[in-house]
There are 2 protein chains.
Amino acid sequence: MTAPHFTVQTDMLVVTWTDGTITHFPTIWLRDNCPSGLHPETHERLLDLLAIDETPVLISAALDGDFAVLEYEDAHVSHMPIALMSAHRPGRRTDDAGDVSAQLWRADLGILGIPRHISATIMTDDQALNTWMRDTATFGLTIVEHLQDRIDAGIDVAERIGFLRTTNFGTTFEVINKPDPNNLAYTSVALPLHTDLPNQEVPPGYQFLHCLANEAKGGGSLFADGFAMAEDLRAEDPEAFRLLCETPIPFRFSDHDADIKVHRPVITLGAFGHVIEIRYNAHLAGIFDMSAKIMPAYYRAYRAYMAKTRDPKYRINFRLKAGEMVVFDNRRVLHGRDSFDPSTGFRHLHGCYVDRGEFFSRLRLLEKEISIAKTS
Amino acid sequence: MTAPHFTVQTDMLVVTWTDGTITHFPTIWLRDNCPSGLHPETHERLLDLLAIDETPVLISAALDGDFAVLEYEDAHVSHMPIALMSAHRPGRRTDDAGDVSAQLWRADLGILGIPRHISATIMTDDQALNTWMRDTATFGLTIVEHLQDRIDAGIDVAERIGFLRTTNFGTTFEVINKPDPNNLAYTSVALPLHTDLPNQEVPPGYQFLHCLANEAKGGGSLFADGFAMAEDLRAEDPEAFRLLCETPIPFRFSDHDADIKVHRPVITLGAFGHVIEIRYNAHLAGIFDMSAKIMPAYYRAYRAYMAKTRDPKYRINFRLKAGEMVVFDNRRVLHGRDSFDPSTGFRHLHGCYVDRGEFFSRLRLLEKEISIAKTS
């Protein structure tokens, strides 16, 4: 293996890597990221970016072991780790243990295709926690089994990941039929596929629904991968897909204690054009307010997505048993349930949320911990 | 005042309002919003949008008191409240008590221009709470005075609005110099103007910093209106403004317990083109990773915004006194502090956050309550 090769331009260092690829590093970037600019304790940046020139003039670059020694016209000398430069090539995404590729699924995944993990193992073994979390991020849906028969057993599993997301419904919630319900979830009627709380700036990330009892007739659960439905729509009807990405619609929830609303599109794309969020909830969608010019086309697009949520091609139905918990990405996987007859038995789910920020933070820390354990 | 006038088209109702303005209502919208489709208890939508035609055919429209009576070819008859139709004209923003226009400010606002409110009044009087909250939303910065000398006095004021936002730093936090700090805020060094936690998907909304003691030499507070700096940049250098709006940059915070990162632009625009969020934190900005092609231009844009944060034209400096609390929109107003000498006395701020969702929910409920009180 030969060493990387440096070509000095006054405003740019051109690096030819050993595999022949070439990267351009503007000198302002090299100076901005000079290792001399970090706080020794907090590792936050201390460099005053305004104290350096807009275009620092590079004079020479030489390899010294694992470092590039860079000399500038203003007499500054940087010792840049080659590893840092290689990991942070401009224009390229850096490796991130929190980047988990979604594996899209449809009905043919089947209930047997939903990854299952054992509660007790997740609670005690970090490697098992990591594997379960990666499955949950990959499929957007897993089942945790053999939970203890106590109200907080599911919460304990969720808190292995991080702190819970509080919403206007509290930090935890009971899905049972209640008198004077402020939400259809708290009745016994069927709930068509939906995502929770699309009326929030950031809807809750991962949802945990621990089944404590499911003895009533009916009450089966439904799930569908909202990303798969969106990608199929993109392939079949790009114009409908575009309208769902570009047109914000109002979402609103209002009761005695809260009145929370936002305008957001049904489909949100990430920086690389892939779907990163679905907001779909027929009950919480407000009165559409786009201009009358695009409204009929928008309704067509919206109904096309809606039709997919009814299509058996995408739906997995199963009946949760006491002691099981479904865990799903509420910003990806739609959930729903059949109606049930409360006179025939008790149905009780205990739920909570952990946001994506905490989830992926934990995944990064676990990955670090596990890779340290492996090498030591 | 004459009545609105209806013109029936098969796929559209054209309404000429009494002031002469004209609104087009596509029939699919009229059917989607027919009042017959709401759950009697939860007021969520029950209508199955797929059960109606893509383009319902309207046959007749007639005014009946406060209602439009609309007859369709499929025999459906709607009684649409005129008030609902008027409030929700397609293409027009609906009135929202949570829409508060930002009043931009610069140094010439002066410390005397920052609205001041009395803690005890906010705690007991909903009208005073409403007025204070509207000032806070308008200016992005207010001062609450005469807080009791106890650690939770500021938290109590914040909780008059809603529940607190939990972050990896906890639900409340102490700004004092600590051993083994994980954040520069917990040292005694100067903090240049910044917004908190731009590494979160949604950075905390409103921040509350209750001053319990400020006896050390130094430790003055700085504030600047990030929206004003952004709007001035838009006027002076539209290309720099555009780059700051369109280029996501990495923000990251990492310590033993958390590793949280996102890519987001420094300036975020709302649906109507106005600035709705600033993320600016030199310490938490990660290593820039846009392509080398735009990188030098991006650095120029970023430094142009940075230069504004140093410009006295935008900064208000003052010294918080024990018993005072600053409250500011952390996604708009940048805050900072001078370094202080911990050997000369104690400096202690107690802080928490309430997110925008809870803030504007409370504002909508207060407005409703106050308007009911007025009319009864």
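Residues numbered from 1 in each chain as written. Chains lettered and ligands numbered in written order. Predicted model: local features only at pLDDT ≥ 70, side-chain atom pairs only at ≥ 80, totals over all residues. Heavy atoms only, no water.

Q: In this structure, what is going on with the packing of helix H4 (residues 126-139) of chain B against helix H5 (residues 153-161) of chain B? I would like to understand it.
A: Geometrically, a packed helix pair is captured by the angle between its two axes and the distance between the axes. Residue and element names in this part refer to chain B. For the pair H4 and H5, interaxial distance at closest approach is 11 Å and the crossing angle is 90 degrees. Between H4 and H5, the angle falls in the class roughly perpendicular. In contact with Asp126, Leu129, Trp132 and Met133 of H4, H5 contributes Val157, Arg160 and Ile161. Residue classes in the contact of H4 with H5 are distributed as 5 nonpolar, no polar and 2 charged. (Axes fitted to C-alpha atoms, helices over the stretch in contact; angles between N-to-C directions. Helix = DSSP H or I, 4+ residues; strand = E, 2+ residues; numbered from the N terminus. Parallel < 35°, antiparallel > 145°, perpendicular 65-115°, else oblique. Contact = heavy atoms within 4.5 Å. Nonpolar A, V, L, I, M, F, W, Y, C, P; charged D, E, K, R; others polar.)

Q: What is the right way to read the relation of the copies chain B and chain A from this model?
A: Put simply, the two copies of the chain differ by a rotation about an axis and a shift along that axis. In screw terms, the move from chain B to chain A is a rotation of 180 degrees and a rise of 0.0 Å along the axis, fitting with an RMSD of 0.0 Å. The symmetry that links the two subunits is that of a two-fold axis. Among all residues of chain B, the one whose C-alpha sits closest to the rotation axis is B:Val202, at a distance of 3.5 Å. Comparing interface residues between copies, 100% of those in chain B also sit at the interface in chain A, which points to an isologous, same-surface contact. (Least-squares fit on C-alpha atoms with pLDDT ≥ 70 in both.)

Q: What is the right way to look at the interface of chain B and chain A in this model?
A: Bring the parts together and some accessible area is lost; that lost area is often taken as the interface size. At the junction of the two partners, chain B supplies 73 residues and chain A supplies 73 residues. When residues of chain B are sorted by the area they lose upon contact with chain A, B:Arg45, B:Ile287 and B:Arg303 head the list and together hold 12% of the total. Taken together, the links from chain B to chain A amount to 10 salt bridges. Where chain B touches chain A, the interface holds 22 residue pairs in polar contact (both at pLDDT 80 or more). The set of elements that each furnish at least two residues to the side of chain B that touches chain A consists of strand S3 (22-26), helix H1 (27-32), strand S15 (259-264), helix H8 (295-310) and helix H9 (356-375) of chain B. Residue classes in the side of chain B that touches chain A are distributed as 30 nonpolar, 19 polar and 24 charged. (Buried area = accessible area lost by both parts, 1.4 Å probe. Salt bridge = Lys/Arg side-chain N within 4 Å of Asp/Glu carboxyl O. Polar contact = N/O pair within 3.5 Å; in protein donor to acceptor, adjacent residues only side chain to side chain.)

Q: For this particular structure, what's the right way to read the sheet that holds strand S5 (residues 67-72) of chain B?
A: Hydrogen bonding along the main chain pairs the strands of a sheet, whether they run parallel or antiparallel. Residue and element names in this part refer to chain B. Read across the sheet, 3 strands follow the order S4-S5-S6 without closing on themselves; strand pairing throughout is antiparallel. Looking along the sheet, the strands with just one partner apiece sit at the ends: strand S4 (58-64) and strand S6 (77-81). Across the sheet, the mean angle from the axis of one strand to that of its neighbour is 20 degrees, orientation sign disregarded. (Pairing = 2+ DSSP bridges.)

Q: So what exactly am I meant to see when it comes to the packing of aromatic side chains here?
A: Each aromatic ring pair is summarised here by two numbers: the centre-to-centre distance and the angle between the ring planes. Applying the stated rule across the entire model yields 30 aromatic pairs over all chains. Linked through ring pairs, A:Tyr280, A:Phe288, A:Tyr298, A:Tyr299, A:Tyr302 and A:Tyr305 together constitute an aromatic cluster. Between the NZ or CZ atom of B:Arg31 and the centre of the ring of B:Tyr72, over which it lies, the distance is 4.6 Å. B:Arg89 extends its terminal NZ or CZ atom over the ring of B:Trp17, reaching a point 4.2 Å from the ring centre. (Phe/Tyr/Trp six-rings, centres within 6.5 Å; stacked < 30°, edge-to-face > 60°. Lys NZ or Arg CZ within 6 Å of the ring centre and 35° of its normal.)

Q: Can you help me understand the pairing of strand S2 (residues 12-16) of chain A in this one?
A: Every other side chain in a regular strand lies on the same face of the sheet, so the side chains alternate between the two faces. All names here are of chain A. Counting buried positions along S2 yields 4 of 5 residues, so the element is predominantly enclosed. In terms of strand pairing, strand S1 (residues 5-9) meets S2 through 5 bridges, oriented antiparallel. Considered in S2, the bridge of Gln9 is made with Met12. Taken together, S1 and the strand that follows it, S2, pair antiparallel across an intervening segment of 2 residues. By the bridge criterion, 5 bridges tie S2 to strand S3 (residues 22-26) in an arrangement that is antiparallel. Note that in S3 the partner of Val14 across the bridge is His24. In this antiparallel pair of consecutive strands, S2 and S3, the connection spans 5 residues, and Gly20 shows a positive phi of 90 degrees. (Buried < 20%, exposed > 50% of the residue type's maximum accessible area, 1.4 Å probe, protein only.)

Q: Where do I start with the side chain of B:Arg337 in this structure?
A: One can find B:Arg337 in strand S20 (residues 333-337). Within the structure, B:Arg337 has its side chain in polar contact with the backbone oxygen of B:Val189 (distance 2.9 Å).

Q: Explanation requested: the pattern of salt bridges in the structure shown.
A: Within this structure, the stated rule accounts for 54 salt bridges over all chains. When the shortest N-O distance is used, the salt bridge between A:Asp74 and A:Arg31 registers 3.0 Å. Taken together, the positions of A:Asp74 in the loop between strand S5 (67-72) and strand S6 (77-81) and A:Arg31 in helix H1 (residues 27-32) put the pair 43 residues apart, joining distant regions of the chain. Taking the relative accessible area as the measure of exposure, A:Asp74 reaches 45% and is therefore partly exposed. Sharing partners across several salt bridges, the network here consists of A:Glu201, A:Arg264, B:Glu277, B:Arg279 and B:Arg331.

Q: Explain the domain arrangement of chain A here, please?
A: Taken domain by domain, chain A consists of domain 1 (5-87) and domain 2 (107-366). Computed from C-alpha coordinates alone, the two centres of domain 1 of chain A and domain 2 of chain A are separated by 45 Å. (Domains from an automatic or database assignment.)

Q: Teacher, can you tell me more about the state of the cysteines here?
A: Note on terminology: a disulfide is the covalent bond linking the sulfur atoms of two cysteines. Residues and elements named next belong to chain A. All told, the structure shown has 0 disulfides over all chains when counted by the stated rule. Free cysteine: Cys211, not disulfide-bonded; nearest cysteine sulfur from Cys352 at 15 Å. By relative accessible area, Cys211 is classed as buried at 0%. (Disulfide = S-S within 2.5 Å.)

Q: Help me understand the sheet that holds S1(A) in this model?
A: Residues and elements named next belong to chain A. With antiparallel pairing, the 3 strands of this open sheet are ordered in space as S1-S2-S3. Of all the strands in the sheet, just S1 and S3 have a single pairing partner and so form its edges. Within the sheet, the average angular offset between the axes of one strand and its neighbour, ignoring direction, is 20 degrees.

Q: Whenever I open this one, the pairing of strand S17 (residues 275-278) of chain B confuses me. Can you help?
A: Alignment of strand S16 (residues 267-269) of chain B against S17(B), held across 3 bridges, turns out to be antiparallel. Following the sheet pairing, B:Leu269 is matched in S17(B) by B:Val275.

Q: How should I be thinking about helix H9 (residues 356-375) of chain A in this particular structure?
A: Each full turn of the α-helix corresponds to 3.6 residues, which orients residues three or four apart in the same direction. For H9(A), spanning 20 residues, the distance from its first C-alpha to its last is 29 Å, which sits close to the expected 28 Å at 1.5 Å a residue. By the burial criterion, the buried members of H9(A) are A:Arg356, A:Glu358, A:Phe359, A:Phe360, A:Ser361, A:Arg362, A:Leu363, A:Arg364, A:Leu365, A:Leu366 and A:Ile370. (Expected span 1.5 Å × (residues − 1).)

Q: I keep staring at the environment of A:Ile151 and nothing clicks. Help me out?
A: All names here are of chain A. Its location among the elements puts Ile151 in the loop between strand S8 (141-145) and helix H5 (153-161). Residue Ile151 is classed as partly exposed on the basis of its relative accessible area of 37%. Here the alpha-carbon distance between Ile151 and Ala213, two residues 62 residues apart in the chain, equals 11 Å. If sequence neighbours within four positions are ignored, Ile151 has contacts with Glu174, His210, Leu212, His348 and His350.

Q: What should I look at first to understand unusual backbone geometry in this one?
A: Residue and element names in this part refer to chain A. Although it is not a glycine, Ala75 sits at a positive phi angle of roughly 80 degrees. Locating Ala75 in the fold gives a position in the loop between S5 and S6. Residue classification places Ala75 among the exposed positions, given a relative accessible area of 63%. Of note in this structure, Leu197 is not a glycine but carries a positive phi near 50 degrees. You can see Leu197 is positioned in the loop between strand S10 (191-194) and strand S11 (206-214). Look at Leu197 and you get buried, because its relative accessible area is 5%.

Q: Quick question: what am I supposed to make of the environment of A:Ile122 here?
A: All names here are of chain A. Structurally, the position occupied by Ile122 is in helix H3 (residues 119-124). Taking the relative accessible area as the measure of exposure, Ile122 reaches 1% and is therefore buried. In this structure Ile122 touches His117, Ala128, Leu129, Trp132, Val144, Val157 and Arg160, once residues within four positions along its chain are discounted.

Q: Please explain the environment of A:Arg264 as it appears in this structure.
A: Residues and elements named next belong to chain A. Topologically, Arg264 is positioned in strand S15 (residues 259-264). Exposure remark for Arg264: the relative accessible area of 25% places this residue in the partly exposed category. As for Arg264 and Pro238, which are separated by 26 residues in sequence, their C-alpha atoms are 19 Å apart. When residues no more than four places from it in sequence are discounted, the contact partners of Arg264 are Glu201, Thr247, Pro248, Ile249, Phe251 and Arg279.

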